[in-house]
Amino acid sequence: MTRIECVLDSKCWLGEGPTWHADGRALYWTDVPARKLHRWHPVTGEHKVWPTPEMVTSIGIRRKGGLIVASLSGIDFFDTRTGEITRFATPEESKPKNRSNDGKCDRQGRFWYGTMMNNLAEDGSELPITGNTGGLYRIDPDGRVAQFEDALGIANTFAWSPDKRTMYFGDTFDAIYAYDFDATAGRVSNRRVFAKADTATYGFGDGSTIDAEGCLWNCRWDGGCIIRWTPDGKMDQVIKMPCRRVTSCIFGGPDLGTLYVTTVTYGFSPVELAEQKNAGGIFALDVGVKGLPDGEFAG
(Lines give C-alpha, C1' and ligand atoms only; values in the text may rest on other atoms or scores of the structure.)
Protein backbone atom coordinates (compact mmCIF):
# COMPACT_ATOMS: atom_id res chain seq x y z
CA MET A 1 0.00 0.00 0.00
CA THR A 2 1.10 3.56 -0.72
CA ARG A 3 2.15 5.47 2.39
CA ILE A 4 0.07 8.65 2.70
CA GLU A 5 0.86 11.21 5.41
CA CYS A 6 -0.41 14.70 6.13
CA VAL A 7 2.90 16.47 6.69
CA LEU A 8 1.43 19.94 7.23
CA ASP A 9 -2.12 20.52 8.43
CA SER A 10 -2.28 23.97 6.82
CA LYS A 11 -6.10 24.08 6.48
CA CYS A 12 -5.89 25.82 3.12
CA TRP A 13 -9.09 27.17 1.72
CA LEU A 14 -8.00 26.09 -1.77
CA GLY A 15 -4.44 24.78 -1.87
CA GLU A 16 -3.01 24.76 -5.39
CA GLY A 17 0.10 25.03 -7.55
CA PRO A 18 2.66 23.00 -5.56
CA THR A 19 6.19 23.74 -6.78
CA TRP A 20 9.44 22.22 -5.53
CA HIS A 21 12.53 24.46 -5.29
CA ALA A 22 15.48 22.08 -5.39
CA ASP A 23 18.16 24.62 -4.41
CA GLY A 24 16.08 25.95 -1.54
CA ARG A 25 14.86 22.46 -0.57
CA ALA A 26 11.41 23.92 -0.11
CA LEU A 27 7.86 23.39 -1.25
CA TYR A 28 5.83 26.39 -2.45
CA TRP A 29 2.07 26.48 -3.00
CA THR A 30 -0.79 28.95 -3.00
CA ASP A 31 -4.08 29.25 -1.15
CA VAL A 32 -6.01 30.83 -4.00
CA PRO A 33 -9.07 32.66 -2.53
CA ALA A 34 -7.22 33.41 0.72
CA ARG A 35 -4.63 35.36 -1.33
CA LYS A 36 -1.68 33.69 0.41
CA LEU A 37 1.59 32.16 -0.78
CA HIS A 38 3.14 29.37 1.31
CA ARG A 39 6.67 28.00 1.66
CA TRP A 40 7.54 24.98 3.78
CA HIS A 41 10.93 23.35 4.43
CA PRO A 42 10.38 19.63 5.10
CA VAL A 43 13.70 19.21 6.95
CA THR A 44 13.41 22.14 9.34
CA GLY A 45 9.63 22.43 9.42
CA GLU A 46 9.81 26.19 8.78
CA HIS A 47 6.51 27.41 7.31
CA LYS A 48 6.25 30.95 5.94
CA VAL A 49 3.10 32.61 4.60
CA TRP A 50 2.96 35.79 2.50
CA PRO A 51 -0.20 37.79 1.73
CA THR A 52 -0.69 38.79 -1.91
CA PRO A 53 -2.76 41.68 -3.33
CA GLU A 54 -4.52 39.39 -5.80
CA MET A 55 -5.30 35.70 -5.86
CA VAL A 56 -2.29 33.66 -7.01
CA THR A 57 -3.24 30.49 -8.87
CA SER A 58 0.08 28.94 -9.96
CA ILE A 59 3.80 29.30 -9.33
CA GLY A 60 7.18 28.82 -11.01
CA ILE A 61 10.72 29.23 -9.73
CA ARG A 62 12.84 32.04 -11.27
CA ARG A 63 16.48 31.34 -12.04
CA LYS A 64 17.28 34.90 -10.96
CA GLY A 65 15.65 34.32 -7.59
CA GLY A 66 12.11 34.51 -6.32
CA LEU A 67 9.05 33.29 -8.18
CA ILE A 68 6.99 33.89 -11.28
CA VAL A 69 3.30 33.64 -10.41
CA ALA A 70 0.00 33.69 -12.26
CA SER A 71 -2.14 36.21 -10.41
CA LEU A 72 -5.82 36.94 -10.89
CA SER A 73 -5.30 39.43 -13.72
CA GLY A 74 -1.81 38.71 -15.07
CA ILE A 75 1.69 37.37 -14.61
CA ASP A 76 3.86 38.73 -11.78
CA PHE A 77 7.29 38.38 -10.22
CA PHE A 78 7.32 37.70 -6.48
CA ASP A 79 10.37 38.56 -4.35
CA THR A 80 10.59 36.01 -1.53
CA ARG A 81 13.03 38.24 0.39
CA THR A 82 10.77 41.29 0.58
CA GLY A 83 7.31 40.01 -0.34
CA GLU A 84 7.18 42.58 -3.16
CA ILE A 85 5.16 41.68 -6.24
CA THR A 86 5.75 43.25 -9.67
CA ARG A 87 3.60 42.95 -12.80
CA PHE A 88 5.43 41.32 -15.73
CA ALA A 89 2.76 40.60 -18.36
CA THR A 90 -0.99 40.98 -18.84
CA PRO A 91 -1.99 38.58 -21.63
CA GLU A 92 -5.74 38.93 -21.04
CA GLU A 93 -6.14 42.61 -20.31
CA SER A 94 -9.11 42.65 -22.69
CA LYS A 95 -10.89 39.87 -20.74
CA PRO A 96 -11.63 41.31 -17.28
CA LYS A 97 -14.10 38.52 -16.47
CA ASN A 98 -11.39 35.88 -16.75
CA ARG A 99 -8.76 34.82 -14.22
CA SER A 100 -5.54 32.85 -14.32
CA ASN A 101 -5.51 29.20 -13.34
CA ASP A 102 -2.88 26.46 -13.61
CA GLY A 103 0.64 27.09 -14.91
CA LYS A 104 4.21 25.78 -14.94
CA CYS A 105 7.66 26.40 -16.44
CA ASP A 106 9.01 24.17 -19.19
CA ARG A 107 12.63 22.99 -19.03
CA GLN A 108 13.67 25.67 -21.53
CA GLY A 109 12.75 28.47 -19.10
CA ARG A 110 9.34 29.57 -20.43
CA PHE A 111 6.19 29.91 -18.32
CA TRP A 112 3.00 28.32 -19.61
CA TYR A 113 -0.37 29.02 -18.06
CA GLY A 114 -4.09 28.83 -18.72
CA THR A 115 -7.09 30.96 -17.89
CA MET A 116 -10.79 30.52 -17.20
CA MET A 117 -13.91 32.53 -16.44
CA ASN A 118 -13.44 33.84 -12.91
CA ASN A 119 -15.47 31.69 -10.51
CA LEU A 120 -14.23 33.25 -7.25
CA ALA A 121 -15.63 36.46 -5.76
CA GLU A 122 -13.56 38.84 -3.62
CA ASP A 123 -14.83 37.13 -0.47
CA GLY A 124 -13.92 33.71 -1.87
CA SER A 125 -17.49 32.65 -2.58
CA GLU A 126 -18.20 30.76 -5.77
CA LEU A 127 -19.43 32.45 -8.95
CA PRO A 128 -21.07 30.57 -11.83
CA ILE A 129 -19.08 29.66 -14.92
CA THR A 130 -21.33 30.55 -17.84
CA GLY A 131 -18.97 30.12 -20.78
CA ASN A 132 -15.75 28.63 -22.06
CA THR A 133 -13.63 31.77 -22.22
CA GLY A 134 -10.20 30.49 -21.15
CA GLY A 135 -6.98 30.35 -23.15
CA LEU A 136 -3.57 28.66 -23.18
CA TYR A 137 -0.51 30.95 -23.19
CA ARG A 138 3.28 30.83 -23.27
CA ILE A 139 5.22 33.61 -21.54
CA ASP A 140 8.80 34.05 -22.78
CA PRO A 141 11.70 35.31 -20.62
CA ASP A 142 11.63 38.65 -22.49
CA GLY A 143 7.91 39.13 -21.80
CA ARG A 144 6.59 38.13 -25.19
CA VAL A 145 3.27 36.27 -25.11
CA ALA A 146 1.99 33.57 -27.46
CA GLN A 147 -1.51 32.10 -27.38
CA PHE A 148 -2.24 28.52 -28.49
CA GLU A 149 -5.81 27.75 -27.40
CA ASP A 150 -9.05 29.57 -26.66
CA ALA A 151 -12.62 28.59 -25.72
CA LEU A 152 -11.37 26.57 -22.75
CA GLY A 153 -13.48 25.84 -19.69
CA ILE A 154 -10.97 25.35 -16.85
CA ALA A 155 -7.30 25.18 -17.86
CA ASN A 156 -5.46 22.57 -15.80
CA THR A 157 -2.43 20.23 -15.95
CA PHE A 158 0.99 21.20 -17.31
CA ALA A 159 3.67 18.56 -17.78
CA TRP A 160 6.29 17.51 -20.32
CA SER A 161 7.50 14.03 -21.21
CA PRO A 162 11.08 13.07 -20.26
CA ASP A 163 12.15 13.28 -23.91
CA LYS A 164 10.57 16.78 -24.20
CA ARG A 165 8.57 15.70 -27.25
CA THR A 166 5.12 15.75 -25.64
CA MET A 167 3.30 18.38 -23.60
CA TYR A 168 0.29 17.50 -21.47
CA PHE A 169 -2.46 20.03 -20.83
CA GLY A 170 -6.11 19.69 -19.98
CA ASP A 171 -9.52 21.24 -19.73
CA THR A 172 -11.28 20.09 -16.57
CA PHE A 173 -14.58 20.23 -18.45
CA ASP A 174 -13.29 17.80 -21.10
CA ALA A 175 -10.07 15.76 -20.92
CA ILE A 176 -6.30 15.75 -20.54
CA TYR A 177 -4.68 16.39 -23.92
CA ALA A 178 -1.32 15.46 -25.38
CA TYR A 179 0.41 17.75 -27.89
CA ASP A 180 3.49 17.36 -30.02
CA PHE A 181 5.98 19.71 -28.37
CA ASP A 182 8.73 21.60 -30.20
CA ALA A 183 11.09 22.33 -27.30
CA THR A 184 13.32 24.67 -29.32
CA ALA A 185 10.54 26.86 -30.71
CA GLY A 186 8.23 26.47 -27.72
CA ARG A 187 5.26 25.47 -29.84
CA VAL A 188 2.57 22.81 -29.55
CA SER A 189 0.60 21.05 -32.29
CA ASN A 190 -1.49 17.97 -33.01
CA ARG A 191 -3.75 18.11 -29.98
CA ARG A 192 -5.42 14.79 -29.13
CA VAL A 193 -7.20 13.32 -26.13
CA PHE A 194 -4.66 11.62 -23.88
CA ALA A 195 -6.76 10.58 -20.88
CA LYS A 196 -10.38 10.75 -19.82
CA ALA A 197 -12.04 9.15 -16.80
CA ASP A 198 -15.61 8.68 -15.65
CA THR A 199 -16.32 11.76 -13.54
CA ALA A 200 -18.95 10.02 -11.40
CA THR A 201 -16.29 7.58 -10.22
CA TYR A 202 -13.04 9.53 -10.44
CA GLY A 203 -14.06 13.18 -10.29
CA PHE A 204 -12.62 15.88 -12.54
CA GLY A 205 -9.05 16.28 -13.78
CA ASP A 206 -7.07 18.96 -11.94
CA GLY A 207 -3.32 19.51 -11.63
CA SER A 208 -0.64 16.98 -12.65
CA THR A 209 3.04 16.16 -12.62
CA ILE A 210 5.28 13.75 -14.52
CA ASP A 211 7.53 11.00 -13.18
CA ALA A 212 10.90 9.73 -14.41
CA GLU A 213 9.20 6.85 -16.23
CA GLY A 214 7.10 9.29 -18.26
CA CYS A 215 3.83 8.57 -16.43
CA LEU A 216 1.42 11.39 -15.59
CA TRP A 217 0.05 11.75 -12.05
CA ASN A 218 -3.29 13.58 -12.18
CA CYS A 219 -5.20 14.84 -9.12
CA ARG A 220 -8.98 14.48 -9.20
CA TRP A 221 -11.31 17.22 -7.92
CA ASP A 222 -14.29 15.61 -6.16
CA GLY A 223 -12.80 12.20 -6.93
CA GLY A 224 -10.75 11.82 -3.76
CA CYS A 225 -7.90 10.20 -5.65
CA ILE A 226 -4.82 10.52 -7.84
CA ILE A 227 -4.59 8.63 -11.13
CA ARG A 228 -1.30 7.55 -12.70
CA TRP A 229 -1.56 7.38 -16.48
CA THR A 230 1.04 5.57 -18.60
CA PRO A 231 2.58 7.35 -21.62
CA ASP A 232 0.10 5.57 -23.89
CA GLY A 233 -2.87 6.93 -21.93
CA LYS A 234 -3.75 3.83 -19.91
CA MET A 235 -4.88 4.06 -16.28
CA ASP A 236 -2.07 2.42 -14.30
CA GLN A 237 -2.84 3.22 -10.64
CA VAL A 238 -5.58 4.87 -8.61
CA ILE A 239 -4.50 6.08 -5.18
CA LYS A 240 -7.36 6.92 -2.83
CA MET A 241 -6.81 10.03 -0.75
CA PRO A 242 -8.39 10.96 2.62
CA CYS A 243 -9.75 14.19 1.09
CA ARG A 244 -12.40 14.49 -1.61
CA ARG A 245 -10.94 17.50 -3.42
CA VAL A 246 -7.37 16.78 -4.48
CA THR A 247 -5.99 19.64 -6.53
CA SER A 248 -2.38 19.18 -7.65
CA CYS A 249 0.90 17.39 -6.98
CA ILE A 250 4.65 17.66 -7.45
CA PHE A 251 7.64 15.43 -6.78
CA GLY A 252 10.04 16.85 -4.21
CA GLY A 253 12.61 16.00 -1.60
CA PRO A 254 16.39 15.61 -2.11
CA ASP A 255 15.95 12.80 -4.64
CA LEU A 256 12.51 13.84 -5.97
CA GLY A 257 11.17 10.67 -4.38
CA THR A 258 8.22 12.19 -2.49
CA LEU A 259 4.94 13.14 -4.12
CA TYR A 260 3.54 16.24 -2.40
CA VAL A 261 -0.19 16.87 -2.82
CA THR A 262 -2.39 19.93 -2.17
CA THR A 263 -5.99 19.73 -0.96
CA VAL A 264 -8.83 22.06 0.04
CA THR A 265 -11.47 22.87 2.64
CA TYR A 266 -13.36 24.87 0.00
CA GLY A 267 -17.04 24.13 -0.56
CA PHE A 268 -17.59 21.71 2.32
CA SER A 269 -19.97 21.90 5.25
CA PRO A 270 -18.69 21.43 8.84
CA VAL A 271 -20.10 17.89 8.78
CA GLU A 272 -18.29 17.07 5.54
CA LEU A 273 -15.03 18.51 6.87
CA ALA A 274 -15.33 16.42 10.02
CA GLU A 275 -15.30 13.35 7.76
CA GLN A 276 -12.14 14.49 5.94
CA LYS A 277 -9.28 14.60 8.41
CA ASN A 278 -6.60 17.13 7.46
CA ALA A 279 -8.53 18.51 4.44
CA GLY A 280 -6.70 21.58 3.20
CA GLY A 281 -3.37 20.14 4.29
CA ILE A 282 -0.23 19.08 2.44
CA PHE A 283 0.14 15.33 1.98
CA ALA A 284 3.30 13.35 1.22
CA LEU A 285 3.15 10.04 -0.65
CA ASP A 286 5.79 7.40 -1.19
CA VAL A 287 4.73 6.04 -4.58
CA GLY A 288 7.85 4.03 -5.43
CA VAL A 289 9.01 6.17 -8.33
CA LYS A 290 10.92 9.43 -8.64
CA GLY A 291 9.92 12.60 -10.42
CA LEU A 292 11.63 14.94 -12.84
CA PRO A 293 12.80 18.46 -11.94
CA ASP A 294 10.51 21.23 -13.09
CA GLY A 295 11.80 23.99 -15.30
CA GLU A 296 12.72 27.42 -13.93
CA PHE A 297 11.78 30.72 -15.56
CA ALA A 298 14.76 32.24 -17.39
CA GLY A 299 13.56 35.85 -17.19
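For the structure itself, consult the block above.
Not measured: the values here are computed from a predicted model.

When you look at the overall build of the chain in this model, what are you seeing that I'm missing?
Along the backbone of the chain there are 2 helices and 25 strands. For the C-alpha atoms alone, the extent of the chain along its principal axes is close to 45 × 40 × 40 Å. By the burial criterion, 59% of the 299 residues in the chain qualify as buried. By sequence separation, contacts in the chain at least 24 residues apart represent 48% of the contacts at least 6 residues apart. If you sum the accessible surface of the chain, you get close to 12,400 Å²; carbon and sulfur atoms cover 48% of it. Side chains of the chain carry 34 positive and 39 negative charges; the gap between the two charge centres is 2 Å.

I'm lost on unusual backbone geometry in this one. Help?
Leave glycine aside and you will find that most residues have negative phi; peptide bonds, for their part, are mostly trans. For N190, which is not a glycine, the phi torsion comes out positive at approximately 60°. Tracing the backbone through its elements, the reader meets N190 in strand β17 (residues 187-195). Assessed through its relative accessible area of 48%, N190 is described here as partly exposed. The backbone phi angle of D222 is positive, close to 70°, even though this residue is not glycine.

I keep staring at the pattern of salt bridges and nothing clicks. Help me out?
Close approach of charged atoms lets side chains of opposite charge pair. Under the counting rule described, the total for this entry stands at 21 salt bridges. A salt bridge links D140 to R138; its shortest N-O distance comes to 2.7 Å. Among the residues examined, D140 registers a relative accessible area of 7% and is labelled buried. Residue K234 is joined to D232 by a salt bridge in which the shortest nitrogen-to-oxygen separation is 3.9 Å.

Mind showing me how you'd approach the sheet that holds strand β23 (residues 258-263) here?
Backbone-to-backbone hydrogen bonds pair the strands of a sheet. The strands run either parallel or antiparallel. One open sheet holds the 4 strands; their spatial order is β1-β24-β23-β22, and the pairing between them is antiparallel. Two strands in the sheet have a free side with no partner beyond their single neighbour: β1 (3-8) and β22 (246-252). Looking at each pair of strands side by side, their axes are set apart by 30° on average, direction ignored.

Is there a simple way to explain the pairing of strand β24 (residues 282-286) in this structure?
In the case of a regular strand, side chains alternate between the two sheet surfaces. Counting buried positions over the 5 residues of β24 gives 4, a clear majority of the element. Across 5 bridges, β1 lies against β24 in antiparallel orientation. Along β24, the bridge assignment pairs E5 with A284. Bridge analysis of β23 against β24 gives 4 bridges, and the strand direction is antiparallel.

Before we go on, may I ask you to explain the sheet that holds strand β9 (residues 85-89) in this structure?
Overall, mixed pairing links the 5 strands, which are arranged β9-β8-β7-β6-β25 in an open sheet. Two strands in the sheet have a free side with no partner beyond their single neighbour: β9 and β25 (296-297). Pairing between strand β6 (residues 56-62) and β25: 2 bridges, direction parallel. Bridging from a neighbouring strand, R62 pairs with F297 of β25.

Mind showing me how you'd approach the environment of D232 here?
Relative to the helices and strands, D232 resides in the loop between β20 (225-229) and β21 (235-240). On the basis of relative accessible area, D232 is assigned to the exposed category, the value being 53%. In this structure, the C-alpha to C-alpha distance between D232 and C215, residues 17 residues apart in sequence, is 8.9 Å. A polar contact of 2.3 Å, which involves the side chain of D232, links it to the side chain of T230.

What is the right way to look at the nonpolar core in this model?
Nonpolar side chains in soluble globular proteins generally cluster together in the buried interior. Counting residues in hydrophobic clusters, the biggest one holds 27 residues, and the most contacted among them are W217, I226, L259, V261 and L285. Taken together, the elements giving at least two residues each to this core come down to β3 (26-31), β19 (216-221), β22, β23 and β24. In this structure L259 touches T209, W217, I226, C249, I250, F251, F283, A284, L285 and V287, once residues within four positions along its chain are discounted. Membership of the second largest hydrophobic core comes to 16 residues, among which are F148, A155, Y177 and F181.

What counts as what
- Residues numbered from 1 in each chain as written.
- Predicted model: local features only at pLDDT ≥ 70, side-chain atom pairs only at ≥ 80, totals over all residues.
- Heavy atoms only, no water.
- Helix = DSSP H or I, 4+ residues; strand = E, 2+ residues; numbered from the N terminus.
- Buried < 20%, exposed > 50% of the residue type's maximum accessible area, 1.4 Å probe, protein only.
- Contact = heavy atoms within 4.5 Å.
- Areas by Shrake-Rupley, 256 points an atom, 1.4 Å probe, with all protein chains shown as cover.
- Lys, Arg positive; Asp, Glu negative; His and termini not counted.
- Charge placed at Lys NZ, Arg CZ, Asp CG, Glu CD.
- Salt bridge = Lys/Arg side-chain N within 4 Å of Asp/Glu carboxyl O.
- Pairing = 2+ DSSP bridges.
- Axes fitted to C-alpha atoms, helices over the stretch in contact; angles between N-to-C directions.
- Polar contact = N/O pair within 3.5 Å; in protein donor to acceptor, adjacent residues only side chain to side chain.
- Core = buried A, V, L, I, M, F, W, Y, C linked by side-chain atoms within 4.5 Å.

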